[in-house]
Amino acid sequence: MACMRSPDPAPGERFDSFARDHLPPPEAQPEFLFERPELQFPARLNCATELLDRWVERGQGGRMCIQGAAQRWTYAELQAQANRIARVLVDELGLVPGNRVLLRGANSPMLAACWFAVVKAGGIAVGSMPLLRARELTQIVVKAQVTHALCDAGLAAELDAARPDCPTLHQVLHFGGELEARAAAQPARFDNVDTAADDTCLIAFTSGTTGVPKGTMHFHRDVMAACACWPPHVLRARPDDVFIGSPPLAFTFGLGGLLLFPLSIGASAALVERASPDALLPAIAQYRASVLFTAPTSYRAMALQLAAHPGQHDLSSLRKCVSAGEALPAATRTLWKQATGIEIIDGIGSTEMLHIFISADEAHARPGATGFVVPGYRAAVLGDDGRELPRGQVGRLAVKGPTGCKYLDDARQANYVQGGWNLTGDAYRIAEDGQFEYQARTDDMIISGGYNIAGPEVESALLLHPAVAECGVVGWPDEARGQIVKAFVVLKPGEAADAAMVKTLQDFVKATVAPYKYPREIEFRASLPRTETGKLQRFRLRAP
Ligand code: 3UK
């Protein structure tokens, strides 16, 4: 059977059952769907074997796999490096299957090798965003009871500062430091631990805006399910594609798009350490990249640069562009298409679901819509009573499929999972054509004078104005109306931030969407607060 819980390891076999012991109880987990033939997973499964070793076994070890600033590795080379690091973890650092290993570094081939080393050894990879500070690292280490860390030497300071508060963390090695030498002294062979399909191999922390971060647990079979759903049905990349992008591997958008998905089809990835829009454009040319993953704000910044300096970057290798993390404004889709000729593939995913579950390919892309349910998943829009709403009505997005929310020891499981559905916290509507149309985060809906207004719709309207570089729209407390619509606007260079511009933008919005949605207040800013993953932090724009 595909999803039976595996028996415990034989007596005497060493196994750290922390993850298994802290899964939500079965009744608190979402319903899982495994109907499709490609989702029939065996009881024993190690996703590293499937994604990496399999290619070498089939005689494809010479294919290009991962490149970065310092390395260019074939599948066989990545496998050898991952095997050596796995040996270090097991033979030198005493790693036992089920132990949690913190991975800390910018995207690079070494970070990818460390990820595979942990998973090969039956460990659990715990990613951490490069910019996290000691306090945030401590929260993660304590929550996941992390025992080992592999950390980029250049990012060692914050982890060192965290260590006094991290009693479980007893082994730390640095890459770009002693790890490479230790690994080089080990043999390049390693027999992957024979894990169960429902053993946890990944704990991904939410890039949550408030509160303690939530750890989402993912099994080996979840990784394979993510590779089997959206990539072949919507992305449809080829073995000769070169993947590139900005999301960190600690963010599941990046882990899937820049590591799991290319390897699942024998393609390759270029891992760029600092992938700002300025850096990404030349990197695409340098690596002749063909599949790009980044966030809407990055597409917009790159499109504006391309429009300002036409012909400066050779993007002729680029074939497919994927946007996720935030709603893709219609204006950004248009700008990117004008600059490159490419229709963006939008997709909504979440850390809880591991990757994208609603999306549209180039042929079905429609401005203002995210897309259709990805094969393998089911989605609905629910009313406050938990029942499905008819098409056209705005309600709470609910989804289920082969992956789903399993928070590590967290009462908030009951918020995300209700009645078997995963509730993402997004307000959506299903259009007549069956496409899902994003409105807002449910807690970001603005209620002004009795009207429900979705901030992102007002943002999309403002972004159509040629003077606007970036913007964020929130509800602002107001005596008379409860809330008013307030816009924070970053103007393009050379535009005047004055009262006349306020009036111009207000009139523009009134002429673009229903007039009652126009921003009654506009504040000009030099920049907007964003997460490391490109998401606008609306809570930091709201009135304190
Ligand atoms: C929002 C979107 C509209 C939405 C993610 C792809 O973003 C990812 O995971 P997070 O846990 O955030 C999830 C929330 O982000 N969102 C994401 N994509 C879209 N809203 N249109 C979109 N295309 O509020 C969702 O609930 O950080 C995205 C793959 C893996 C991921 N982890």
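The paragraphs below set out a description of the structure included in this document. Since the model is a prediction, treat every value here as computed from it, not as a measurement. (Residues numbered from 1 in each chain as written. Predicted model: local features only at pLDDT ≥ 70, side-chain atom pairs only at ≥ 80, totals over all residues. Heavy atoms only, no water.)

Observations regarding the sheet that holds strand 8 (residues 215-219)
Spatially, 6-5-3-4-7-8 is the arrangement adopted by the six strands of the open sheet, whose pairing is mixed. The sheet is open, and its two edges are formed by strand 6 (171-175) and strand 8, each paired on a single side. Adjacent strand axes in the sheet meet at a mean angle of 20°, parallel and antiparallel pairs treated alike. The sheet contact formed by strand 4 (residues 124-128) and strand 7 (residues 200-205) spans two bridges and is parallel. (Pairing = 2+ DSSP bridges. Helix = DSSP H or I, 4+ residues; strand = E, 2+ residues; numbered from the N terminus. Axes fitted to C-alpha atoms, helices over the stretch in contact; angles between N-to-C directions.)

Some details on the packing of helix 4 (residues 109-120) against helix 10 (residues 252-264)
At a minimum axis distance of 12 Å, the contact between helix 4 and helix 10 shows a crossing angle of 65°. As summarised for this structure, helix 4 and helix 10 are arranged roughly perpendicular, according to the angle between their axes. In this structure, helix 4 crosses over helix 10, and the sense of that crossing is right-handed. Here helix 4 contributes Ala112, Trp115 and Phe116 to the contact with helix 10, which in turn contributes Leu255, Leu259, Leu260 and Leu263. Grouping the constituent residues of the contact of helix 4 with helix 10 by class yields seven nonpolar, no polar and no charged. (Parallel < 35°, antiparallel > 145°, perpendicular 65-115°, else oblique. Left-handed = near helix turned anticlockwise from the far one by under 90°. Contact = heavy atoms within 4.5 Å. Nonpolar A, V, L, I, M, F, W, Y, C, P; charged D, E, K, R; others polar.)

Concerning the packing of aromatic side chains
Going through the model one piece at a time under the given rule, you end up with 15 aromatic pairs. Taking the centre distance of 5.0 Å and the plane angle of 70° together, the rings of Tyr299 and Trp336 count as edge-to-face. Of this pair, Tyr299 sits in helix 12 (residues 296-308) while Trp336 sits in helix 13 (residues 330-340); the two residues are 37 residues apart in sequence, bridging distant segments of the chain. For Tyr299, a relative accessible area of 0% translates into the label buried. In this structure Trp336 comes out as buried when scored by relative accessible area, which is 0%. Measuring from ring centre to ring centre gives 5.5 Å for Tyr428 and Tyr438, while their planes differ by 70°; the resulting arrangement is edge-to-face. One end of the pair, Tyr428, is in strand 19 (residues 421-430); the other, Tyr438, is in strand 20 (residues 436-441), with ten residues separating them in the sequence. Following the ring pairs from residue to residue traces out a cluster consisting of Trp230, Phe243, Phe251, Phe253, Phe261 and Phe293. A cation over an aromatic ring shows up here: Lys406 above the ring of Phe219, its NZ or CZ 4.3 Å from the ring centre. (Phe/Tyr/Trp six-rings, centres within 6.5 Å; stacked < 30°, edge-to-face > 60°. Buried < 20%, exposed > 50% of the residue type's maximum accessible area, 1.4 Å probe, protein only. Lys NZ or Arg CZ within 6 Å of the ring centre and 35° of its normal.)

As for the nonpolar core
Judged by nonpolar contacts, the single largest core of 120 residues is most densely connected at Ile85, Trp115, Phe116, Leu150, Trp230 and Leu263. Per element, the largest residue contribution to this core is ten residues, and it comes from helix 4. Mapped onto the domain boundaries, this core takes at least three residues apiece from domain 1 (46-195) and domain 2 (242-441). With near-sequence residues (within four places) excluded, Leu150 lies in contact with Ile85, Leu89, Val101, Leu102, Leu103, Arg104, Cys114, Val118, Leu173, Phe175 and Leu179. Counting 23 residues, the second largest nonpolar core, distinct from the first, contains Ile244, Ala283, Leu292 and Leu315. (Core = buried A, V, L, I, M, F, W, Y, C linked by side-chain atoms within 4.5 Å. Domains from an automatic or database assignment.)

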